[in-house]
Amino acid sequence: MGFEFHTSSLKAAVNWARKFSLFQYPFVTACCGMEFMSVAASKYDIARFGAEFPRFSPRQADLLFIVGTITERQGPALRRIYDQMCEPKWVVAFGVCASTGGFYQNYATMPGADQVVPVDVYIPGCPPRPEQVLDALMLLQDRIQKGEGHSQITIDAERGYDVPIAAIRPKQLGPTLSTTSPNAPGSDALHDAHAEGRK
Amino acid sequence: MAQIILDRLTAQFTAGEVIELGSALGNEWARIKRESWTTVAKFLRDDPALKLEMFIDLTAVDRLGLRGYEDAPRFDVVLHLYSVSHKHRIRLYCGVPEEDPSVETLVPIWAGADWFEREAYDLYGVRFKGHPDLRRILMYPEFVGHPLRKDYPKEKRQPLVRRQAGTRE
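A brief structural summary. The structure displayed is predicted, hence computed values, not measured ones. (Residues numbered from 1 in each chain as written. Chains lettered and ligands numbered in written order. Predicted model: local features only at pLDDT ≥ 70, side-chain atom pairs only at ≥ 80, totals over all residues.)

Description of the overall build of chain B
So, point 1. A tally of regular secondary structure across chain B gives three helices and seven strands.
So, point 2. Reading chain B from its N end, one meets helices and strands in the order α-β-β-α-β-β-β-β-α-β.
So, point 3. Dimensions of chain B, computed from the C-alpha atoms along their principal axes, are close to 70 × 35 × 30 Å.
So, point 4. When burial is assessed residue by residue, chain B has 27% of its 169 residues classed as buried.
So, point 5. Put simply, of all contacts in chain B between residues at least 6 apart along the chain, 51% involve residues at least 24 apart. (Helix = DSSP H or I, 4+ residues; strand = E, 2+ residues; numbered from the N terminus. Buried ≥ 20, exposed ≤ 12 C-beta atoms within 10 Å, placed from the backbone. Contact = placed C-beta atoms within 7 Å.)

Below you can see the structure in the form of structure tokens.
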């Protein structure tokens with residue numbers, strides 16, 4: 001394994017370190033929080049994946065777990081928390097409410113947290129099983145290794161680095177879980193930003 | 001269950017303050033004239049035989065387009081009261097028309113009515129005259145309209161913040 005490092009780029013090494021040292025900020029608003037506790041506690045033990053330490057300050061976290069229903073009224077708070085996190089940062093929408101609004105279809109509920117922050121991995125389920133969360137975490141780790149996180153792509157594009165091929169086709173990102181919600185307003189913007197970054 | 005409340009109401013208010021009253025499934029109810037809303041409420045709380053000292057609930061009903069109620073006022077304010085002393089309860093209605101959706105506040109009589117009236121104001125737009133602090137309680141101050149009114153579009157959202165295409169994320 002050590003030899004591989006010598007032949008790989010610095011970026012790959014840095015991403016390898018990043019993916020096993022995720023500091024999460026749980027933005028818990030609803031019943032999904034119970035399932036989140038289960039994942040974080042001893043039985044399912046998210047620590048096995050290097051993401052055991054919840055930081056309750058966004059400034060010390062790089063992984064935002066949006067756990068539960070987001071109302072329109074919470075939108076500004078969620079956006080502010082995302083803005084306060086240091087880059088590179090990743091976002092996981094935990095459960096259907098955070099992903100799409102779930103079964104709430106009314107005046108108060110935001111139809112998916114991706115209306116205000118870019119989401120890297122969506123976890124379906126109401127609430128999701130802990131295994132699904134671990135699956136999503138591993139998926140996110142793959143994404144981090146490849147440099148495909150939203151925030152990684154933005155930074156790379158700004159610095160004029162090559163962005164991963166997958167990143168310019170955001171709708172096809174990801175082997176199992178959907179990454180781009182059909183109603184995400186930012187998906188085309190992301191596409192344009194990357195196309196520009198590659199020029 | 002609590003026929004005494006209805007009897008006392010009919011005996012006390014003879015000038016049409018009580019429009020209608022009845023009993024259904026063991027629950028007594030009365031429909032009160034809007035102008036007499038606080039007078040009747042105060043009587044129910046203070047009468048020694050009734051002593052409905054506990055405020056249970058206050059909300060509103062929008063009957064827009066409901067068949068059989070075309071001539072009735074559009075909104076009903078619904079009030080539930082309970083007597084801890086006598087262990088009986090009653091439900092009161094007060095019709096509130098669309099043109100002037102307002103009624104006197106009950107906060108001076110039961111302090112607990114405060115947030116319930118704010119909620120009815122927020123979601124149905126019923127104004128409670130004399131309320132000490134009639135602000136929205138659930139929706140944000142920027143929200144326009146009253147979402148539980150039947151003519152509010154079911155899925156109309158009023159976002160405070162959205163991602164903007166072309167901005168750095």
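What to know about helix α7 (residues 150-159) of chain A
Since the α-helix advances by 3.6 residues per turn, residues separated by three or four positions end up pointing in the same direction.
All names here are of chain A.
So, point 1. With seven of its 10 residues buried, α7 lies for the most part within the structure.
So, point 2. All of the buried residues in α7 are His 150, Ser 151, Gln 152, Ile 153, Thr 154, Asp 156 and Ala 157.
So, point 3. Directly after α7, the chain includes Gly 160, whose backbone phi takes a positive value near 80°.

What about the interface of chain A and chain B?
So, point 1. Each partner contributes residues to the interface: chain A has 17 residues there, and chain B has 17 residues.
So, point 2. Of all the elements in the fold, those that place two or more residues in the side of chain A that touches chain B are α4 (75-84), α7 and α8 (187-197) of chain A.
So, point 3. For the side of chain A that touches chain B, the leading source of residues is α4(A), giving three residues.
So, point 4. Residue composition of the side of chain A that touches chain B, by class: six nonpolar, seven polar and four charged. (Nonpolar A, V, L, I, M, F, W, Y, C, P; charged D, E, K, R; others polar.)

Brief notes about the sheet that holds strand β5 (residues 89-96) of chain B
Residue and element names in this part refer to chain B.
So, point 1. Taken in spatial order, the five strands line up as β1-β2-β5-β4-β3 in an open sheet, and their pairing is mixed. If you trace the sheet from one side to the other, it starts and ends with β1 (18-24) and β3 (54-62), each paired once. For this sheet the average axis-to-axis angle between neighbouring strands, irrespective of direction, equals 20°.
So, point 2. As paired strands, strand β4 (residues 75-82) and β5 are joined by eight bridges and run antiparallel to one another. Bridge pairing links Asp 76 to Gly 95 in β5.
So, point 3. Docked against the sheet, helix α3 (residues 113-124) engages β3 and β4, running at close to 5° with respect to β3. (Pairing = 2+ DSSP bridges. Axes fitted to C-alpha atoms, helices over the stretch in contact; angles between N-to-C directions.)

Remarks on the environment of Ala12(A)
So, point 1. Considering the arrangement of structural elements, one finds Ala12(A) in helix α2 (residues 10-19).
So, point 2. The spacing of Ala12(A) and Gln145(A) is 133 residues in sequence and 6.5 Å in space, taken between C-alpha atoms.

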